[in-house]
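# An overview of the molecular structure
The lines below spell out each chain.
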Amino acid sequence: MERSCERAIEVGLPAIAFTEHADWALVHEGQHSVDIAGYLDAVERCRAKFKGLRILTGVELGEPHWYPRETAEVLAAGPLDQVLGSIHCIRLDGELLDASQFRQREGIDFRGAVREYLRETLAMVESSQPFETLAHLDYPKRYWREGLPPYREQDYEAEIRAVLVAAARTGRVLEVNTTRGQTLCPDITVVRWWREVGGQAVQYGSDAHQPDKVAEGFQVATQMVEAAGFKPARDPMALWRR
Ligand SMILES: [Zn+2]
């Protein structure tokens, strides 16, 4: 975290948010949920060391509508500046499967799994779970299976629009996740739909996971978000508004 703060200063960011994963659907080796008290201590140490940088707290809640008790416990640990809601996993044949694992699964109906991912995202947005920002809406496209026709938003337009309408109705912010500079997630087609259905705000995340990836892809994200009709809100949360 300290190296990420150094990197944020180096690239000229006025603020950085650490949105630590809070996952309870554990599908990866060594995966565990956040130690929220330890996390908040680490943020305080960074704040003491980097006084000129605004350091925001946060979590990325994975499938919070499946884990309301655990979600409430994490959120009770203290006020957090940024609460993201995200789907990584779906239930497939009674088993939890992360979208990054779809392509390795023998005999999977890949596109059906992507539709199920979006259906689960809709269920999360329509739940009463208290998150403000919808993270990486089309996450499965990062792990597309070789040999399939490329991902096109239009192939899932009805499902994506349903998520966007629900997110706009509930006052959510749409995250543009830059995937450490590799992929805009979602890209301009979806951000334009977001504006069409009444979405008010967009926010960036680099999903850095490593200090050298902090803010990677923000320049191209800026061009895209502006082209979709949003304007900088001069807000420490890096919000863009219609
Ligand atoms: Zn995520």
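Note that the structure is a prediction, hence the values are computed from the model and not measured. (Residues numbered from 1 in each chain as written. Predicted model: local features only at pLDDT ≥ 70, side-chain atom pairs only at ≥ 80, totals over all residues. Heavy atoms only, no water.)

### Description of the pairing of strand β5 (residues 95–98)
- Bridge analysis of strand β4 (residues 89–92) against β5 gives four bridges, and the strand direction is antiparallel. Bridge pairing links L92 to E95 in β5.
- The antiparallel hairpin formed by β4 and β5 contains two residues in its connecting segment, where D93 sits at a positive phi of about 50 degrees. (Pairing = 2+ DSSP bridges. Helix = DSSP H or I, 4+ residues; strand = E, 2+ residues; numbered from the N terminus.)

### Here we look at the coordination of the zinc ion
- Ligation of the zinc ion by protein atoms is provided by E60 (OE), H88 (NE2) and H136 (NE2), these donors lying 2.0 to 2.2 Å from the ion.
- In the primary sequence, the donor residues of the zinc ion line up as E-x27-H-x47-H. Of this pair, H88 sits in the loop between β3 (82–86) and β4 while H136 sits in the loop between β6 (133–134) and α5 (157–169); the two residues are 48 residues apart in sequence, bridging distant segments of the chain.
- On the basis of relative accessibility, which here comes to 1%, the residue H136 falls in the buried class. (Donors = N, O, S within 2.8 Å, 3.2 Å for Na, K, Ca; no water. Buried < 20%, exposed > 50% of the residue type's maximum accessible area, 1.4 Å probe, protein only.)

### Some remarks on the sheet that holds strand β8 (residues 201–205)
- Reading across from one edge, β1-β2-β3-β6-β7-β8-β10-β9 is the order of the eight strands in this open sheet, with mixed pairing throughout. The outermost strands of the open sheet, each flanked by one partner alone, are β1 (15–22) and β9 (231–232).
- Pairing of β1 with strand β2 (residues 54–62) involves eight bridges; the strand directions are parallel. Considered in β2, the bridge of T19 is made with G58.
- Sheet strands in contact with helix α1 (residues 2–10) are β1 and β2, and its direction is about 145 degrees off that of β1.
- Against the sheet, helix α7 (residues 218–227) touches β7 (173–177), β8, β9 and β10 (239–241), its axis set at about 165 degrees to β8. (Contact = heavy atoms within 4.5 Å. Axes fitted to C-alpha atoms, helices over the stretch in contact; angles between N-to-C directions.)

### Regarding the side chain of E63
- The topology assignment puts E63 in the loop between β2 and α3 (68–75).
- Put simply, E63 is tucked away with no salt bridge, and the nearest opposite charge, on R91, sits 8.9 Å away.
- A polar side-chain atom of E63 sits 2.7 Å from the main-chain amide nitrogen of H88.
- Of note is the side chain of E63, whose polar atom sits 2.8 Å from the backbone nitrogen of C89.
- Excluding residues within four positions of it along the chain, E63 makes contact with A25, S86, I87, H88 and C89. (Lys, Arg positive; Asp, Glu negative; His and termini not counted. Salt bridge = Lys/Arg side-chain N within 4 Å of Asp/Glu carboxyl O. Polar contact = N/O pair within 3.5 Å; in protein donor to acceptor, adjacent residues only side chain to side chain.)

### A word on the state of the cysteines
- Throughout the structure, instances matching the rule amount to zero disulfides.
- Free of any disulfide, C5 has its nearest neighbouring cysteine sulfur in C46, separated by 4.1 Å.
- Note on C5: relative accessible area 0%, which makes it buried. (Disulfide = S-S within 2.5 Å.)

### Section: the packing of aromatic side chains
- The tally for this structure, following the rule as stated, stands at ten aromatic pairs.
- Here W24 and Y67 contribute two aromatic rings whose centre-to-centre distance is 5.8 Å and whose plane-to-plane angle is 45 degrees, an arrangement assigned as tilted. With W24 in the loop between β1 and α2 (36–49) and Y67 in the loop between β2 and α3, the pair connects residues that are 43 residues apart, well separated along the chain. When sorted by exposure, W24 lands in the same class as Y67, which is buried. (Phe/Tyr/Trp six-rings, centres within 6.5 Å; stacked < 30°, edge-to-face > 60°.)

### Some words on the pattern of salt bridges
- The full count for this structure, using the stated rule, is 17 salt bridges.
- With a shortest N-O distance of 3.0 Å, E44 and R47 are connected by a salt bridge. On the criterion of helical spacing, the pair formed by E44 and R47 is a turn pair, its members being three residues apart in helix α2.
- R47 gets classed as partly exposed once you look at its relative accessible area, which sits at 29%.
- R47 is the partner of D81 in a salt bridge, and the nearest nitrogen-oxygen pair spans 3.8 Å. Placement of D81 in the loop between α3 and β3 and of R47 in helix α2 is noted, with a sequence separation of 34 residues between them.
- The exposure class of D81 is partly exposed, given its relative accessible area of 28%.
- Taken together, the shared-partner salt bridges connect E44, R47 and D81 into one network.

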